[in-house]
Amino acid sequence: MRVRVGSLVSSGKLVINDGYRVTNRELGSTGIPFVRGGDIGDGSITTDVVDHILPEHRDRVRNKLTKPDDVAFISKGTVGRVGYLRPDQPEVVFAPQVCYWRVINQGCIHPRFLYYMLTGPEFQANLHAVKTHGSMVADYVSLADQHAFVLTLPPIDIQADIGRILGSLDDKIDLNRRMNATLEAIARTLFRSWFLDFDPVRAKMEGRQPPVIDSETAALFPSSFADSSLGPIPEGWAVGPLLDQAGLISGGTPKTSESAYWDGGIPWASAKDVSQCGDAFLINTERSITDLGLANSSTKIIPKLSTVVVARGATTGRFTMFGGDIAMNQTCYALRSRTGHHFYLNSLFRELVDDLIHAAHGSVFDTITTTTFERAKVILPPPEVQTCFELRVSSLFGRVLANLNESRTLVALRDTLLPKLLSGEVRVKHAEQLVESRP
């Protein structure tokens, strides 16, 4: 059944509303999460945000409250990006550039199917035809435009099946994302406890057994501090150059006019790839190069588990770890542990990067140079302490990488199935078999 969105709204089956133009005095650290367009991405909506609408203003925003199962639709700026507010997420209020679509009659429209329909090729093509395409300051699709869209709705049981099948993939992707956040937090907490707060040393100074760790591990830590150029550090530890711990690797770009150098089997990371990677590991790149491109340029293969940082431009200082062997361009530097303690080095760099950025602010173009790295000094624990840390967190980071690779597979399967299910090219039963047979 093909139906105009406006008729669904006028018949009370669907509600579309825009976001709320908040004032600074209505915002605080507690209350209703205030979600902006940047908090919506790849289907997910981040509700763990900084700004909240204070509880005393709840009545004022009541008709703007977004509820679980609502679909977010960005109507200004990055028009067309869509998110689904999961049942386990709280009510939120969207910024003005975000609309919500709410199903009222679930006997006519399945909420999660609606989300997938809005991400599907038919809807996105219709959207492309009406948005302003830069004729205004930012792309824009009005509420009237949204009411004019036409949707193709299969029978409700088919909608529910499609929502369930694709939803099972997105649920697993979201579970992996949340699991990774927890695993990374555990690793960061351990690093800070051992190498920044020196908790084991302080415990031994006070005659206590260091928390969480066994006696063998505790024996690796001294029971006193000594002065250093970086302040008090554990007795027997040292201060030295960062580059004593890591080798510095630069990148390059094959000639872009030479087609034989591009679209090969070697992933090639740009500053955009690194800066937009919100995960602990980069596993996908926008472009790839050929063996010929690698051989005839200054780029080189950066080994898996190297820490890579953007060295110039607006995103200077953003960093990630390579989840595979990847080439990169000259706007980034890679740090490679000299001792095989890759996760220790990555954790160390996380704590150091703000200082490097601060040093870069002194230059004309906010550039981290080789000199910036050469001047960086760090605390150097004995190798056995680094090794102990590396062994403890290796399984955590290994699980994070495995989850990312699994999610990549799930995303590919979802994106393959979505248009085929919506068009009827693939039947529900066949899609279920594909989902169940995935590795």
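The rules behind the values
- Residues numbered from 1 in each chain as written.
- Predicted model: local features only at pLDDT ≥ 70, side-chain atom pairs only at ≥ 80, totals over all residues.
- Heavy atoms only, no water.
- Helix = DSSP H or I, 4+ residues; strand = E, 2+ residues; numbered from the N terminus.
- Buried < 20%, exposed > 50% of the residue type's maximum accessible area, 1.4 Å probe, protein only.
- Contact = heavy atoms within 4.5 Å.
- Areas by Shrake-Rupley, 256 points an atom, 1.4 Å probe, with all protein chains shown as cover.
- Lys, Arg positive; Asp, Glu negative; His and termini not counted.
- Charge placed at Lys NZ, Arg CZ, Asp CG, Glu CD.
- Axes fitted to C-alpha atoms, helices over the stretch in contact; angles between N-to-C directions.
- Parallel < 35°, antiparallel > 145°, perpendicular 65-115°, else oblique.
- Left-handed = near helix turned anticlockwise from the far one by under 90°.
- Nonpolar A, V, L, I, M, F, W, Y, C, P; charged D, E, K, R; others polar.
- Salt bridge = Lys/Arg side-chain N within 4 Å of Asp/Glu carboxyl O.
- Pairing = 2+ DSSP bridges.
- Core = buried A, V, L, I, M, F, W, Y, C linked by side-chain atoms within 4.5 Å.

## With respect to the overall build of the protein
Turning to step 1, where the next piece is worked out: When its secondary structure is counted, the protein shows 13 helices and 26 strands.
Turning to step 2, where the next piece is worked out: Judged by the C-alpha coordinates and their principal axes, the protein covers about 75 × 60 × 50 Å.
Turning to step 3, where the next piece is worked out: Per-residue burial for the protein yields a buried fraction of 48% across its 439 residues.
Turning to step 4, where the next piece is worked out: Within the protein, residue pairs in contact and separated by at least 24 positions form 72% of the contacts whose partners lie at least 6 positions apart.
Turning to step 5, where the next piece is worked out: Accessible surface for the protein amounts to roughly 20700 Å². Of this, 52% is attributable to carbon and sulfur atoms.
Turning to step 6, where the next piece is worked out: Separation of charge centres in the protein, based on 46 positive and 48 negative side chains, amounts to 4 Å.

## Brief notes about the packing of helix α5 (residues 156-196) against helix α13 (residues 428-436)
Turning to step 1, where the next piece is worked out: Viewed as axis vectors pointing N to C, α5 and α13 meet at an angle of 15 degrees, and their least axial separation amounts to 10 Å. In terms of their interaxial angle, α5 and α13 are classed as roughly parallel. As for how α5 packs across α13, the hand of that crossing is left-handed. Contacts from Asp161, Ile162, Arg164, Ile165, Ser168 and Leu169 in α5 reach Val428, Ala431, Glu432 and Val435 in α13.
Turning to step 2, where the next piece is worked out: Of the residues assigned to the contact of α5 with α13, the class counts are six nonpolar, one polar and three charged.

## A short note on the pattern of salt bridges
Turning to step 1, where the next piece is worked out: Evaluated as defined, the whole model comprises 22 salt bridges.
Turning to step 2, where the next piece is worked out: One continuous salt-bridge network, built from bridges that share partners, spans Arg86, Arg112, Asp171, Asp174, Arg177 and Arg178.

## Section: the sheet that holds strand β9 (residues 71-74)
Turning to step 1, where the next piece is worked out: Spatial ordering of the open sheet is given by β2-β12-β9-β10, a layout of four strands whose pairing is antiparallel. Bordering the open sheet on either side are β2 (14-17) and β10 (82-84), each of which pairs with just one other strand. Across the sheet, the axes of successive neighbouring strands diverge by a mean angle of 20 degrees, strand direction being ignored.
Turning to step 2, where the next piece is worked out: Bridge count between β2 and strand β12 (residues 98-103): four bridges; the pairing is antiparallel. Bridging across to β12, Leu14 finds its partner in Val103.
Turning to step 3, where the next piece is worked out: Lying over the sheet, helix α2 (residues 111-119) contacts β2, β9, β10 and β12, oriented at roughly 165 degrees with respect to β10.

## Looking at the nonpolar core
Turning to step 1, where the next piece is worked out: Counting 50 residues, the largest nonpolar core has Trp194, Phe281 and Phe373 as the members making the most contacts within it.
Turning to step 2, where the next piece is worked out: Contributions of two or more residues to this core are made by α5, β23 (319-322), β25 (332-337), α10 (342-360), β26 (377-380) and α12 (383-423).
Turning to step 3, where the next piece is worked out: Residues contacting Trp194, with those up to four places away along its chain left out, are Pro200, Ile213, Thr217, Phe221, Trp237, Val385, Cys388, Phe389 and Arg392.
Turning to step 4, where the next piece is worked out: Core analysis: the second largest hydrophobic core is formed by 40 residues, Val79, Tyr115, Phe123 and Val141 among them.

## Let's talk about the packing of α2 against α12
Turning to step 1, where the next piece is worked out: In the contact formed by α2 and α12, the axes pass within 10 Å of each other and the chain directions differ by 100 degrees. Comparing the axis directions of α2 and α12 gives the class roughly perpendicular. Packed against α2, whose contacting residues are Phe113, Tyr116, Met117 and Thr119, the element α12 presents Arg414, Leu418 and Leu422 at the interface.

## Some points on the environment of Asn63
Turning to step 1, where the next piece is worked out: Tracing the chain through its elements places Asn63 in the loop between β7 (52-53) and β8 (65-66).
Turning to step 2, where the next piece is worked out: Along the primary structure Asn63 and Gly19 are separated by 44 residues, whereas in three dimensions their C-alpha atoms are 9.7 Å apart.
Turning to step 3, where the next piece is worked out: Residue contacts for Asn63: discarding those within four places in its chain leaves Asn17 and Tyr100.

## Some details on the sheet that holds strand β4 (residues 32-35)
Turning to step 1, where the next piece is worked out: On the basis of which strands lie adjacent, the open sheet formed by five strands has the order β3-β7-β4-β11-β8 and mixed pairing. Since the sheet does not close on itself, it has two edges, and those belong to β3 (27-28) and β8, each with one partner.
Turning to step 2, where the next piece is worked out: Pairing of β8 with strand β11 (residues 92-94) involves two bridges; the strand directions are antiparallel. Looking at β11, one finds that Leu65 is bridged to Val93.

## Details of the environment of Ala314
Turning to step 1, where the next piece is worked out: With respect to the helices, strands and loops of the structure, Ala314 is situated in the loop between β22 (307-310) and β23.
Turning to step 2, where the next piece is worked out: Taking the C-alpha atoms as reference, Ala314 lies 44 Å from Leu8; in sequence the two are 306 residues apart.

## Focus: α2
Turning to step 1, where the next piece is worked out: For α2, a buried count of eight out of nine residues is recorded, marking the element as mostly surrounded by other parts of the structure.
Turning to step 2, where the next piece is worked out: Listed as buried for α2 are Pro111, Arg112, Phe113, Leu114, Tyr115, Tyr116, Met117 and Leu118.

## Quick notes on unusual backbone geometry
Turning to step 1, where the next piece is worked out: Phi at Phe198 is positive, roughly 55 degrees, even though this residue is not glycine.
Turning to step 2, where the next piece is worked out: Inspection of the secondary structure assignment puts Phe198 in the loop between α5 and α6 (199-205).

Remember, this is a structural readout, not a statement about activity or role.
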